[in-house]
Amino acid sequence: MKLLLKLSFLVLLPLFTTAQQSRVDSIITLLNKSKTPKGLDTAMFNSARNLISIAVLTDAHITRIEKAAEIFINGTDEDLSYVLKINILASLSASDKIKAIDYGKINVEKLETSKTPHAKVLHIRFLTELRLPYRTSSKVSEGLAFFAEKLNSYKKNNDSSGINNCYYVLSGFYRTIGLYEQAIYNMKKSISYIDSSLIGERFFGIEPRNTKAIWINNTGVLSDFYLQMGDYEKAIETGETALKVALRYYNEIGKNRPGDYSLFTARHMANAKISSNQLDSVDYYLKMAELYSFNTPTKAYLLQIRSLYNIKKGELGVADSLLRLSWQLVNQNQLSVSSASGQLEPDYYIALLRIQQNRPQEAIALLLKDIDRVRIIRPSVLRDYKLLAELYEKTGDNVRAKETYKSFISLQDSILADQSKFRTISFETEQLITDNEISIAKLEGQNKIASLTRNFIIGLAALLLLLVAGIYYRFHSKKKANQILEKTLSELKSTQGQLVQSEKMASLGELTAGIAHEIQNPLNFVNNFSEVNSELISELVDEVDKGNTAEVLNIAQDIRDNSEKINHHGKRADAIVKGMLQHSRAGNGKKELTDINALCDEYLRLAYHGLRAKDKSFNATMKTDYDASLGNVNIVPQDIGRVVLNLITNAFYAVNEKAKAPQPPKGGVPYEPTVEVQTTFSPLPGRGAGGEVSIIVKDNGAGIPSHILDKIFQPFFTTKPTGQGTGLGLSLSYDIVKAHGGELKVKTKEGEGSTFIITIPTN
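Residues numbered from 1 in each chain as written. Predicted model: local features only at pLDDT ≥ 70, side-chain atom pairs only at ≥ 80, totals over all residues. Heavy atoms only, no water.

1. Some points on the overall build of the protein chain
Alright, step 1. From N to C terminus, the protein chain includes 24 helices and nine strands.
Alright, step 2. Counting every position in the protein chain, which comprises 763 residues, the buried fraction comes to 43%.
Alright, step 3. In the protein chain, the share of contacts with a sequence separation of at least 24, taken over all contacts with a separation of at least 6, comes to 67%.
Alright, step 4. Summed over all atoms, the accessible surface of the protein chain reaches about 41100 Å², with 55% contributed by carbon and sulfur. (Helix = DSSP H or I, 4+ residues; strand = E, 2+ residues; numbered from the N terminus. Buried < 20%, exposed > 50% of the residue type's maximum accessible area, 1.4 Å probe, protein only. Contact = heavy atoms within 4.5 Å. Areas by Shrake-Rupley, 256 points an atom, 1.4 Å probe, with all protein chains shown as cover.)

In structure tokens form, the structure reads like this:
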């Protein structure tokens, strides 16, 4: 017999391998055809996804599919590639659970840092799918630890979507190992973190976790947990709540969303009604659920429930046909015991049918087969042991009945031990404690106010007494106090002067860094052309010795050209140094005619290079729009230069900070840090040739919050981190512009940027 089985395996293996290879070829073909010049053919794409889910994939198959999926990658947009990987995970969950866990965790880790548009939704979906291979393998305890760690991470980031997903998955793990109290607690925690008012935008059937549809699903599953604990009344009550919300949701939204599964929650009501022998409305709930079962696992699961309904009604032939069909779907598609729709255990239901048909030996064989298949799911194994022991006893096999009862008691003890180990307070008790803590805090607050009032009255009386004594004391100590006050004021003035000087030196430092970068360019030219001239002179001597007059003249001309370039770049360096010296002088406040456009352009470049010198990763787009009609303006160039430098440096700081923060792209366009400098001249009536010069510094940073806008020109006020700003830059700038008879104004919009406008009269 064993030899026959081996021969059969050897004959069928090549056929199976060929069939799988053919299926993968079909997947690749569908993927290639689904990308068309007009866009994605979703029908073909989804057909490929369905084939992936039911295929048995080797490493080579997975590599081929992932390679084919690269045609859907567009820059950082890898959404469709990850959608296909979810189906690969579903396939592995059925065929190789350990490999599925590794594959899922790798993609979860990648999605945590991915820039793909739907990274968040896909990341949560991978985590949700990971629950199935974990809870149907020997890795359940590892799954508990993994998702507990993820839960803590989400709590630190206050991520409600991640939190509710982890609680949801953990509830399933606890149900798998038979700890229903913990399962119910975690499911209720999950539901408490869901915003049931939200309607999620589904992405290829993937529903965001923090939506009404997820609330409906989780509440329905909670109904099943109560049912499995034997609390039929609570199961029906919870199932009705979920279904009422589902019906409203479907009528408002679902009927216009193809593939909406909200009314599939009716299956929980069908289960509860069957278990409590309330069969009158079961058919209504089953038909509703069957209408919205869109995939193979849901169909196989519903066939089980309907067969149980038929068994209860005594329609055994119909039940037999339904269960055969359910097994056919499970076998043909290699469906796992634990599916997203519910547990697929046709052997157990067929065993129930055989008991009703008075065929106990067949029922025993089916239960033994089911125990082997569902061995990880302890409540199912416990249920099977109990029924199996009863059948052995009924058929007179007392030895096996005793052994099976021992296995039943051993497993039950193990579950009870874990129940004590993982015991936690109920969700309702936790909520009550939270409410009590809030009430206690309120009472403490009221007592504190009463205590403060009492202390205030006592203090006021004491103050009146002290006031009398204080008047006398003050008379005698006034002179000493005045001396201390004068000393304090002197120290404050000194400190203020140091801070002002610190701000000036910080400005000078940024300017110097920019100048160092600017001066390096002409110096490089001078050095390079000097080296070239040295080589040309050597060549000139050689050509003179040869008597080659024409070549001598050519080389001499090259030397002259290079000398002119050395002279040009030397003068350029000289101008930069003079500008630096001019800026570093204390200045006498003397106004002089200055080219505003040249001043702005110079300080724009110097500010940029100054920041680049401090932070090599810094980058920004610079735009200029200078009014060509603007003549020289009578200003103190050092002072106005300091103002312009300060505003431009602040603008670069703002766009750099925004660039470091995560930015959701608008319309698919990534954030581009931009600073723009503009000058304009506006003639004013009654001023003759005079008018008003405007210098505008604009950035597309995060903008200035409205609640601090009226403080930004105040001395020592800064939004920069401690140590990065004294809060004097804008205050000094405001005073300098006022001293020129002008104005410094700001326009800002949170999230979009700020515009600073300097206006100076020209006469």
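2. Let's talk about the pairing of strand 7 (residues 691-699)
When a strand is regular, its side chains alternate between the sheet's two faces.
Alright, step 1. Along strand 7, seven of the nine residues are buried, which leaves the element largely enclosed by surrounding structure.
Alright, step 2. Both strand 6 (residues 674-683) and strand 7 contribute to a ladder of nine bridges, which runs antiparallel. Bridging across to strand 7, Val-675 finds its partner in Asp-699.
Alright, step 3. Note that strand 7 and strand 9 (residues 753-761) share eight bridges and pair antiparallel. (Pairing = 2+ DSSP bridges.)

3. Describing the sheet that holds strand 8 (residues 743-749)
Alright, step 1. Strand order in the open sheet formed by five strands is 4-6-7-9-8, with mixed pairing between adjacent strands. Two strands close off the open sheet at either side, each with one partner strand: strand 4 (621-625) and strand 8. When strand polarity is set aside, the average angle formed by the axes of neighbouring strands in this sheet is 15°.
Alright, step 2. When strand 4 meets strand 6, the two strands line up parallel, connected through five bridges. Looking at the pairing, Asp-625 lines up with Gln-678 of strand 6.
Alright, step 3. Strands in contact with helix 22 (residues 596-614) are strand 4, strand 6 and strand 7; relative to strand 6, the strand with the most contacts, it is inclined by about 165°.
Alright, step 4. The sheet strands contacting helix 23 (residues 637-660) are strand 4, strand 6, strand 7, strand 8 and strand 9, and the helix crosses strand 7 at an angle near 25°. (Axes fitted to C-alpha atoms, helices over the stretch in contact; angles between N-to-C directions.)

4. With respect to helix 22
Alright, step 1. Between its first and last C-alpha atoms helix 22 spans 27 Å; for 19 residues at 1.5 Å apiece the expected length is 27 Å, and the two agree.
Alright, step 2. Within the span of helix 22, buried status applies to Ile-596, Asn-597, Leu-599, Cys-600, Tyr-603, Leu-604, Leu-606, Ala-607, Tyr-608, His-609, Gly-610 and Leu-611. (Expected span 1.5 Å × (residues − 1).)

5. A word on the packing of helix 16 (residues 346-356) against helix 18 (residues 378-394)
When two helices pack together, their arrangement is given by the angle between the helix axes and by the axis-to-axis distance.
Alright, step 1. Running from amino to carboxyl end, helix 16 crosses helix 18 at an angle of 25°, the nearest separation of the two axes being 12 Å. Between helix 16 and helix 18, the angle falls in the class roughly parallel. Both helix 16 and helix 18 take part in a crossing whose hand is left-handed. Contact residues: Tyr-348, Leu-352 and Ile-355 in helix 16; Arg-383, Asp-384, Leu-387 and Leu-391 in helix 18. (Parallel < 35°, antiparallel > 145°, perpendicular 65-115°, else oblique. Left-handed = near helix turned anticlockwise from the far one by under 90°.)

6. Structural notes on the packing of aromatic side chains
Alright, step 1. Evaluated as defined, the whole model comprises 13 aromatic pairs.
Alright, step 2. Ring geometry for Tyr-284 against Tyr-285: centres 5.2 Å apart, planes inclined by 65°, an arrangement best described as edge-to-face.
Alright, step 3. When its relative accessible area of 48% is taken as the criterion, Tyr-284 is described as partly exposed.
Alright, step 4. Exposure remark for Tyr-285: the relative accessible area of 11% places this residue in the buried category.
Alright, step 5. On the numbers, 5.7 Å between centres and 55° between planes, the contact of Tyr-608 with Phe-652 is tilted. One end of the pair, Tyr-608, is in helix 22; the other, Phe-652, is in helix 23, and 44 residues separate them in sequence. This pair shows no difference in class: Tyr-608 is buried, exactly as Phe-652 is.
Alright, step 6. Put simply, the rings of Tyr-134, Phe-146, Phe-147 and Phe-173 touch in pairs and so form one group of aromatic residues.
Alright, step 7. If you follow Lys-85 out to its NZ or CZ, it ends over the ring of Tyr-82, 4.6 Å from the centre. (Phe/Tyr/Trp six-rings, centres within 6.5 Å; stacked < 30°, edge-to-face > 60°. Lys NZ or Arg CZ within 6 Å of the ring centre and 35° of its normal.)

7. Overview of unusual backbone geometry
Alright, step 1. The phi torsion at Asn-277 lies on the positive side, around 60°, for a residue other than glycine.
Alright, step 2. Mapping Asn-277 onto the fold places it in the loop between helix 12 (266-275) and helix 13 (282-291).
Alright, step 3. A relative accessible area of 52% places Asn-277 in the exposed class.

8. Remarks on the confidence of the model for the protein chain
Alright, step 1. For the protein chain, per-residue confidence averages 80 on the pLDDT scale, and 77% of positions sit at 70 or higher.
Alright, step 2. Helix 20 (residues 427-546) is the least confidently modelled element of the protein chain, averaging 59 in pLDDT, while helix 16 averages 94, the highest of any element.
Alright, step 3. Ignoring residues within four places in sequence, the model shows residues 495-503, a span with pLDDT below 50, making twelve contacts including any to other chains.
Alright, step 4. Segment residues 583-587 is flagged for pLDDT under 50; beyond a separation of four residues in sequence, or across chains, it makes six contacts in the model. (pLDDT = per-residue confidence, 0-100.)

9. Topic: helix 8 (residues 160-176)
Alright, step 1. If you check helix 8, its first and last C-alpha atoms are 25 Å apart, about what 17 residues at 1.5 Å a residue would give, namely 24 Å.
Alright, step 2. Taking burial as the measure, the 17 residues of helix 8 include 16 buried ones, the bulk of the element.
Alright, step 3. Of the residues flanking the start of helix 8, the one acting as N-cap is Asp-159, its side-chain oxygen 3.2 Å from the backbone nitrogen of Ser-161.
Alright, step 4. Looking one or two residues beyond helix 8, the residue adopting positive phi is Gly-178, at roughly 85°. (Polar contact = N/O pair within 3.5 Å; in protein donor to acceptor, adjacent residues only side chain to side chain.)

10. Concerning the side chain of Lys-150
Alright, step 1. Structurally, the position occupied by Lys-150 is in helix 7 (residues 140-156).
Alright, step 2. A distance of 2.4 Å separates a polar atom in the side chain of Lys-150 from a polar atom in the side chain of Glu-112.
Alright, step 3. Contact partners of Lys-150, with chain neighbours within four places excluded, come to Val-108, Glu-112, Leu-127 and Cys-166.

11. Some remarks on the pattern of salt bridges
Alright, step 1. Following the criterion strictly, the structure yields 25 salt bridges and no others.
Alright, step 2. In this structure, Arg-359 and Glu-362 form a salt bridge, with 2.9 Å as the shortest nitrogen-oxygen distance.
Alright, step 3. Arg-359 sits in the partly exposed class, given a relative accessible area of 31%.
Alright, step 4. When its relative accessible area of 36% is taken as the criterion, Glu-362 is described as partly exposed. (Salt bridge = Lys/Arg side-chain N within 4 Å of Asp/Glu carboxyl O.)

12. Details of the side chain of Thr-116
Alright, step 1. Tracing the backbone through its elements, the reader meets Thr-116 in the loop between helix 5 (97-113) and helix 6 (119-135).
Alright, step 2. Side-chain polar atoms of Thr-116 contact the side chain of Asp-79, separated by 2.6 Å.
Alright, step 3. Residues within four places of Thr-116 in sequence aside, it is in contact with Thr-76, Asp-77, Glu-78, Asp-79, Leu-111 and Leu-122.

13. Points about the environment of Ser-530
Alright, step 1. Tracing the sequence through the fold places Ser-530 in helix 20.
Alright, step 2. Counting along the chain gives 36 residues from Ser-530 to Ile-566, while the straight-line C-alpha distance between them is 7.3 Å.

14. Some details on the pairing of strand 8
Alright, step 1. As paired strands, strand 8 and strand 9 are joined by seven bridges and run antiparallel to one another. Bridged to Glu-743 within strand 9 is Thr-759.
Alright, step 2. Between strand 8 and strand 9, which pair antiparallel in sequence order, lie three residues; one of them, Gly-751, sits at a positive phi of approximately 85°.

15. Comments concerning the environment of Ser-34
Alright, step 1. In this structure, Ser-34 sits in helix 1 (residues 2-34).
Alright, step 2. Taking the relative accessible area as the measure of exposure, Ser-34 reaches 0% and is therefore buried.
Alright, step 3. The spatial distance from the C-alpha of Ser-34 to the C-alpha of Phe-72 is 9.8 Å, given a sequence separation of 38 residues.
Alright, step 4. Look past the residues within four positions of Ser-34 in its chain and what remains in contact with it is Gly-39, Leu-40, Asp-41, Met-44, Phe-45 and Phe-72.

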